[in-house]
Amino acid sequence: MASASASAVTSTGLCHGAAGLAHLFDRLYRSSGNATCAERARDWWARALAMPRPTGGHLLEGAAGFGLALAAALGDTEPAWDRLLACDVPLRRDS
């Protein structure tokens, strides 16, 4: 699996940017417990936070989507909003 620094991603947006990839890897980690997914999520967040912040409120490419993804990464609640993007992987429930 290629690292964030080896990719051609140049934006922070949810649609095809660093925040979207960070969100997907975080959801996969929270669903599976796979440590590689957690590492990739952290890599993508580091890259996203080092990029210029998005402007505007457009969900897929703007500040709103970036903020939603960041809030999801920092919180413990399953984000219901990502159902709209078909990436609502259920959280793993430890028994």
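Residues numbered from 1 in each chain as written. Predicted model: local features only at pLDDT ≥ 70, side-chain atom pairs only at ≥ 80, totals over all residues. Heavy atoms only, no water.

1. Focus on the nonpolar core
Part 1: Residues A18, W44 and W45 are the most contacted members of the largest nonpolar core, which totals 16 residues.
Part 2: Secondary structure elements with two or more residues in this core: α1 (18-32), α2 (35-50) and α3 (63-74). (Core = buried A, V, L, I, M, F, W, Y, C linked by side-chain atoms within 4.5 Å. Buried < 20%, exposed > 50% of the residue type's maximum accessible area, 1.4 Å probe, protein only. Helix = DSSP H or I, 4+ residues; strand = E, 2+ residues; numbered from the N terminus.)

2. Brief notes about the environment of A6
Part 1: Of note, A6 is situated in the segment before α1.
Part 2: Given a relative accessible area of 58%, A6 falls into the exposed group.
Part 3: In this structure the C-alpha to C-alpha distance between A6 and A50, which are 44 residues apart in sequence, comes to 15 Å.

3. Some remarks on the side chain of T12
Part 1: In this fold, T12 is placed in the segment before α1.
Part 2: The exposure class assigned to T12 is buried, which follows from its relative accessible area of 5%.
Part 3: Beyond its immediate sequence surroundings of up to four residues, T12 is in contact with G17, A18, A19, G20, A48, M51, P52, P54 and F66. (Contact = heavy atoms within 4.5 Å.)

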